[in-house]
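One-letter residues, chain by chain:
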Amino acid sequence: MKDIAWNIFLPVFALLIGSHVNLANADLADAITKVKPSISVVGYYKSTNSPRFTMRGTGFVVADQNLGANFVVTNAHVLYGAAEDSSGSELVVQVRDAKGSLQPRQAQVLEVDRLHDLALLRFSGDPVVGIRLKDSDAVREGQSLALMGFPIGGALGFSPVTHRAVVSSITPIVLPAPTGQQLTEKSIRSLRDGSFDIFQLDGTAYPGNSGGPLFDVDTGEVVGIINMVFIKGTKESAISQPTGITYAIPANFVKQLLQRHKAN
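The shown structure was predicted, so the numbers you read here are calculated from the model rather than taken from an experiment. (Residues numbered from 1 in each chain as written. Predicted model: local features only at pLDDT ≥ 70, side-chain atom pairs only at ≥ 80, totals over all residues. Heavy atoms only, no water.)

A few points about the overall build of the protein chain
Looking only at helices and strands, the protein chain has 4 helices and 12 strands in total. Looking at the 264 residues of the protein chain, the share that counts as buried comes to 40%. Sequence-distant contacts in the protein chain: of pairs separated by 6 or more residues, those separated by 24 or more amount to 68%. (Helix = DSSP H or I, 4+ residues; strand = E, 2+ residues; numbered from the N terminus. Buried < 20%, exposed > 50% of the residue type's maximum accessible area, 1.4 Å probe, protein only. Contact = heavy atoms within 4.5 Å.)

See the structure below:
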(Lines give C-alpha, C1' and ligand atoms only; values in the text may rest on other atoms or scores of the structure.)
Protein backbone atom coordinates (compact mmCIF):
# COMPACT_ATOMS: atom_id res chain seq x y z
CA MET A 1 0.00 0.00 0.00
CA LYS A 2 2.88 2.33 0.83
CA ASP A 3 4.50 1.54 -2.51
CA ILE A 4 1.26 2.39 -4.32
CA ALA A 5 0.98 5.71 -2.52
CA TRP A 6 4.59 6.59 -3.38
CA ASN A 7 4.03 5.69 -7.03
CA ILE A 8 1.04 8.04 -7.11
CA PHE A 9 2.84 11.03 -5.61
CA LEU A 10 6.22 10.54 -7.30
CA PRO A 11 5.23 12.23 -10.61
CA VAL A 12 3.76 15.19 -8.68
CA PHE A 13 6.92 15.47 -6.56
CA ALA A 14 9.12 15.36 -9.67
CA LEU A 15 6.96 18.01 -11.32
CA LEU A 16 7.32 20.32 -8.30
CA ILE A 17 11.11 19.85 -8.19
CA GLY A 18 11.38 20.42 -11.95
CA SER A 19 9.32 23.60 -11.72
CA HIS A 20 11.57 24.94 -8.94
CA VAL A 21 14.72 24.25 -10.99
CA ASN A 22 13.24 25.90 -14.07
CA LEU A 23 12.26 28.99 -12.06
CA ALA A 24 15.78 29.21 -10.57
CA ASN A 25 17.32 28.98 -14.03
CA ALA A 26 14.93 31.63 -15.32
CA ASP A 27 15.88 33.96 -12.48
CA LEU A 28 19.59 33.58 -13.26
CA ALA A 29 19.00 34.12 -16.98
CA ASP A 30 17.10 37.34 -16.22
CA ALA A 31 19.84 38.47 -13.82
CA ILE A 32 22.53 37.87 -16.45
CA THR A 33 20.55 40.00 -18.90
CA LYS A 34 20.55 42.85 -16.37
CA VAL A 35 24.20 42.56 -15.34
CA LYS A 36 25.94 41.84 -18.66
CA PRO A 37 25.61 45.32 -20.26
CA SER A 38 27.46 46.86 -17.29
CA ILE A 39 30.50 44.56 -17.25
CA SER A 40 33.70 46.28 -18.38
CA VAL A 41 37.23 45.27 -19.32
CA VAL A 42 39.89 47.20 -17.39
CA GLY A 43 43.40 47.57 -18.80
CA TYR A 44 46.05 49.81 -20.25
CA TYR A 45 46.71 51.10 -23.77
CA LYS A 46 50.22 51.79 -25.02
CA SER A 47 50.83 52.55 -28.70
CA THR A 48 54.29 50.92 -28.75
CA ASN A 49 53.12 47.63 -27.24
CA SER A 50 51.94 44.57 -29.12
CA PRO A 51 49.10 44.13 -28.49
CA ARG A 52 48.46 47.78 -27.75
CA PHE A 53 45.81 46.99 -25.14
CA THR A 54 46.64 44.85 -22.12
CA MET A 55 43.76 43.58 -20.02
CA ARG A 56 44.31 43.69 -16.27
CA GLY A 57 40.94 42.59 -14.92
CA THR A 58 37.19 43.03 -14.81
CA GLY A 59 35.14 45.97 -13.62
CA PHE A 60 31.51 47.01 -13.62
CA VAL A 61 29.66 50.26 -14.20
CA VAL A 62 27.81 51.22 -11.05
CA ALA A 63 24.36 52.80 -11.05
CA ASP A 64 23.84 55.51 -8.46
CA GLN A 65 21.43 58.40 -9.07
CA ASN A 66 23.31 60.62 -6.61
CA LEU A 67 26.71 59.86 -8.10
CA GLY A 68 26.15 60.51 -11.77
CA ALA A 69 27.13 58.40 -14.78
CA ASN A 70 30.18 56.53 -16.03
CA PHE A 71 31.79 55.23 -12.87
CA VAL A 72 33.52 51.85 -12.83
CA VAL A 73 34.43 49.83 -9.75
CA THR A 74 37.27 47.30 -9.86
CA ASN A 75 40.01 45.92 -7.60
CA ALA A 76 42.93 48.09 -6.52
CA HIS A 77 45.33 45.30 -7.52
CA VAL A 78 44.00 45.43 -11.10
CA LEU A 79 45.71 48.82 -11.55
CA TYR A 80 49.43 49.13 -12.10
CA GLY A 81 51.37 49.15 -8.85
CA ALA A 82 54.28 51.38 -7.89
CA ALA A 83 56.78 48.64 -8.79
CA GLU A 84 55.39 48.20 -12.31
CA ASP A 85 56.44 50.21 -15.35
CA SER A 86 53.39 52.21 -16.45
CA SER A 87 55.25 54.87 -18.42
CA GLY A 88 53.47 55.78 -21.62
CA SER A 89 50.44 53.68 -20.69
CA GLU A 90 46.91 55.03 -20.60
CA LEU A 91 44.20 53.61 -18.35
CA VAL A 92 41.30 52.40 -20.48
CA VAL A 93 37.99 50.67 -19.78
CA GLN A 94 36.08 48.87 -22.50
CA VAL A 95 32.35 49.28 -22.01
CA ARG A 96 29.33 48.31 -24.09
CA ASP A 97 27.40 50.82 -26.16
CA ALA A 98 23.66 50.73 -26.79
CA LYS A 99 24.18 48.07 -29.49
CA GLY A 100 26.21 45.83 -27.19
CA SER A 101 29.59 46.47 -28.83
CA LEU A 102 32.68 47.08 -26.72
CA GLN A 103 34.07 50.61 -26.91
CA PRO A 104 37.38 51.75 -25.37
CA ARG A 105 37.04 54.80 -23.13
CA GLN A 106 39.75 56.83 -21.43
CA ALA A 107 39.55 56.52 -17.66
CA GLN A 108 40.98 58.19 -14.60
CA VAL A 109 41.43 56.92 -11.06
CA LEU A 110 39.29 58.78 -8.52
CA GLU A 111 40.26 56.79 -5.46
CA VAL A 112 42.11 53.63 -4.46
CA ASP A 113 41.09 51.85 -1.25
CA ARG A 114 44.01 49.49 -0.62
CA LEU A 115 42.61 48.08 2.61
CA HIS A 116 39.50 46.76 0.87
CA ASP A 117 41.22 46.21 -2.51
CA LEU A 118 38.85 48.60 -4.31
CA ALA A 119 39.31 51.29 -6.95
CA LEU A 120 36.83 53.82 -8.33
CA LEU A 121 37.33 54.97 -11.93
CA ARG A 122 35.53 57.54 -14.06
CA PHE A 123 35.46 57.24 -17.85
CA SER A 124 34.59 59.60 -20.67
CA GLY A 125 31.88 59.47 -23.32
CA ASP A 126 28.18 58.70 -23.45
CA PRO A 127 26.46 57.22 -20.38
CA VAL A 128 26.51 53.45 -19.96
CA VAL A 129 23.97 51.26 -18.15
CA GLY A 130 25.04 50.55 -14.57
CA ILE A 131 24.31 47.87 -11.96
CA ARG A 132 22.73 48.65 -8.62
CA LEU A 133 24.30 47.67 -5.31
CA LYS A 134 22.47 45.68 -2.65
CA ASP A 135 22.95 45.66 1.12
CA SER A 136 25.66 43.02 1.57
CA ASP A 137 24.88 42.69 5.28
CA ALA A 138 21.81 40.70 4.22
CA VAL A 139 23.92 37.98 2.54
CA ARG A 140 23.76 34.65 4.40
CA GLU A 141 25.95 31.57 4.44
CA GLY A 142 24.48 28.99 2.08
CA GLN A 143 22.98 31.63 -0.21
CA SER A 144 23.22 31.00 -3.96
CA LEU A 145 24.79 33.83 -5.95
CA ALA A 146 26.59 34.27 -9.28
CA LEU A 147 29.78 35.94 -10.44
CA MET A 148 30.62 37.42 -13.84
CA GLY A 149 33.83 38.48 -15.52
CA PHE A 150 36.51 37.69 -18.07
CA PRO A 151 38.34 34.55 -16.87
CA ILE A 152 41.92 33.78 -17.87
CA GLY A 153 42.61 37.37 -18.86
CA GLY A 154 40.29 37.43 -21.85
CA ALA A 155 41.80 34.30 -23.41
CA LEU A 156 38.24 33.12 -24.02
CA GLY A 157 37.37 36.44 -25.64
CA PHE A 158 35.84 39.58 -24.21
CA SER A 159 32.42 38.06 -23.68
CA PRO A 160 31.39 37.97 -20.01
CA VAL A 161 31.29 34.51 -18.43
CA THR A 162 28.97 33.65 -15.52
CA HIS A 163 29.54 31.08 -12.78
CA ARG A 164 27.22 30.06 -9.96
CA ALA A 165 28.56 30.28 -6.41
CA VAL A 166 27.34 29.44 -2.93
CA VAL A 167 28.46 31.48 0.08
CA SER A 168 30.48 28.83 1.91
CA SER A 169 31.49 31.11 4.75
CA ILE A 170 31.52 34.71 5.90
CA THR A 171 34.97 34.95 7.41
CA PRO A 172 37.55 37.54 8.53
CA ILE A 173 40.00 38.48 5.78
CA VAL A 174 42.91 38.59 8.24
CA LEU A 175 43.92 35.40 10.04
CA PRO A 176 46.51 35.52 12.85
CA ALA A 177 49.93 34.21 11.83
CA PRO A 178 50.95 31.03 13.73
CA THR A 179 54.50 32.31 14.31
CA GLY A 180 56.30 35.64 14.45
CA GLN A 181 58.37 34.67 11.41
CA GLN A 182 55.18 34.65 9.31
CA LEU A 183 54.22 38.22 10.20
CA THR A 184 54.74 40.48 7.19
CA GLU A 185 54.48 44.23 6.79
CA LYS A 186 51.16 43.74 4.98
CA SER A 187 49.69 41.49 7.68
CA ILE A 188 50.81 43.86 10.45
CA ARG A 189 49.25 46.83 8.63
CA SER A 190 46.01 44.88 8.13
CA LEU A 191 45.86 43.91 11.79
CA ARG A 192 46.50 47.52 12.79
CA ASP A 193 43.84 48.91 10.45
CA GLY A 194 41.35 46.28 11.54
CA SER A 195 40.02 43.10 10.05
CA PHE A 196 36.71 42.81 8.21
CA ASP A 197 34.52 39.99 6.95
CA ILE A 198 34.58 38.76 3.37
CA PHE A 199 32.59 36.15 1.45
CA GLN A 200 34.19 32.77 0.81
CA LEU A 201 32.57 31.14 -2.22
CA ASP A 202 32.58 27.66 -3.70
CA GLY A 203 32.52 29.09 -7.25
CA THR A 204 35.58 28.90 -9.48
CA ALA A 205 37.13 32.19 -10.55
CA TYR A 206 40.31 32.63 -12.59
CA PRO A 207 42.88 35.35 -13.28
CA GLY A 208 40.90 38.02 -15.11
CA ASN A 209 37.82 37.65 -12.89
CA SER A 210 39.30 40.12 -10.38
CA GLY A 211 37.03 43.14 -10.01
CA GLY A 212 33.95 41.39 -11.36
CA PRO A 213 30.59 41.57 -9.60
CA LEU A 214 29.12 38.95 -7.30
CA PHE A 215 25.38 39.34 -7.70
CA ASP A 216 21.98 38.22 -6.47
CA VAL A 217 20.46 35.77 -8.95
CA ASP A 218 16.94 37.04 -8.18
CA THR A 219 17.50 40.76 -8.70
CA GLY A 220 20.82 41.15 -10.54
CA GLU A 221 22.02 43.54 -7.82
CA VAL A 222 25.66 43.44 -6.73
CA VAL A 223 26.43 42.10 -3.25
CA GLY A 224 30.21 41.77 -3.61
CA ILE A 225 33.27 42.15 -5.81
CA ILE A 226 35.60 39.26 -6.63
CA ASN A 227 39.11 39.95 -5.35
CA MET A 228 41.10 36.73 -4.92
CA VAL A 229 41.23 32.99 -5.49
CA PHE A 230 42.79 30.42 -3.18
CA ILE A 231 45.50 28.54 -5.09
CA LYS A 232 47.71 25.57 -4.39
CA GLY A 233 51.31 25.75 -5.57
CA THR A 234 52.17 28.24 -8.29
CA LYS A 235 50.01 30.98 -9.80
CA GLU A 236 49.67 28.89 -12.97
CA SER A 237 47.96 26.13 -10.98
CA ALA A 238 44.93 28.41 -10.60
CA ILE A 239 44.18 27.54 -14.24
CA SER A 240 45.34 23.92 -14.42
CA GLN A 241 44.15 22.88 -10.95
CA PRO A 242 41.53 25.34 -9.70
CA THR A 243 40.56 24.91 -6.06
CA GLY A 244 37.03 26.22 -6.45
CA ILE A 245 37.57 28.58 -3.51
CA THR A 246 37.04 32.25 -4.29
CA TYR A 247 36.73 35.36 -2.12
CA ALA A 248 34.71 38.54 -2.57
CA ILE A 249 34.66 41.94 -0.84
CA PRO A 250 31.16 42.86 0.43
CA ALA A 251 29.40 45.56 -1.60
CA ASN A 252 28.85 47.78 1.42
CA PHE A 253 32.53 48.74 1.25
CA VAL A 254 31.89 49.81 -2.35
CA LYS A 255 28.99 51.93 -1.08
CA GLN A 256 31.34 53.66 1.35
CA LEU A 257 33.74 54.38 -1.51
CA LEU A 258 30.95 55.85 -3.63
CA GLN A 259 29.62 57.93 -0.75
CA ARG A 260 32.85 59.91 -0.70
CA HIS A 261 32.33 60.91 -4.35
CA LYS A 262 28.65 61.84 -4.46
CA ALA A 263 27.83 64.54 -6.98
CA ASN A 264 27.36 67.98 -5.45
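Next, the rest of the story.
A few points about the sheet that holds strand β4 (residues 90–96)
A barrel is described by the order of its strands in space; here 6 strands give the closed sequence β1-β2-β3-β6-β5-β4, paired in antiparallel fashion. Across this sheet, the average inter-strand angle for adjacent strands is 45°, counted without regard to direction. Of the pairings in the sheet, the one linking strand β1 (residues 39–45) to β4 comprises 5 bridges and is antiparallel in character. What sits directly across from Val-41, in β4, is Gln-94. Against the sheet, helix α4 (residues 251–259) touches β3 (71–74), β5 (102–113) and β6 (118–123), its axis set at about 50° to β6. (Pairing = 2+ DSSP bridges. Axes fitted to C-alpha atoms, helices over the stretch in contact; angles between N-to-C directions.)

With respect to the nonpolar core
Counting 33 residues, the largest nonpolar core has Phe-60, Val-73 and Leu-258 as its most contacted members. No other element matches the 5 residues that α4 contributes to this core. The next biggest cluster of nonpolar side chains, apart from the first, holds 15 residues, and it includes Val-61, Val-72, Leu-91 and Phe-123. (Core = buried A, V, L, I, M, F, W, Y, C linked by side-chain atoms within 4.5 Å.)

With respect to the pairing of strand β10 (residues 213–216)
Where strand β7 (residues 144–149) lies against β10, 3 bridges are found, and the strand directions are antiparallel. Bridge assignment links Leu-145 to a residue of β10, and that residue is Asp-216. Two elements, β10 and strand β11 (residues 222–229), share 3 bridges in a ladder whose sense is antiparallel. Within the sheet, the bridge partner assigned to Pro-213 lies in β11 and is Ile-225.

A short note on the sheet that holds β10
Taken together, 6 strands build a closed barrel; the order of strands is β7-β8-β9-β12-β11-β10 and the barrel is antiparallel. Recorded for the sheet is a direction-independent mean angle of 45° between the axes of neighbouring strands. Taken strand by strand, α4 contacts β9 (197–201), β11 and β12 (246–250), and its axis lies near 40° from that of β12.

Observations regarding unusual backbone geometry
For the bond running from Ser-50 to Pro-51, omega is 0°, close enough to zero to count as cis. Relative to the assigned elements, Pro-51 resides in the loop between β1 and β2 (53–61). One non-glycine residue, Asp-117, adopts positive backbone phi at about 55°. Among the structural elements, Asp-117 can be located in the loop between β5 and β6. In this structure Asp-117 comes out as buried when scored by relative accessible area, which is 12%.

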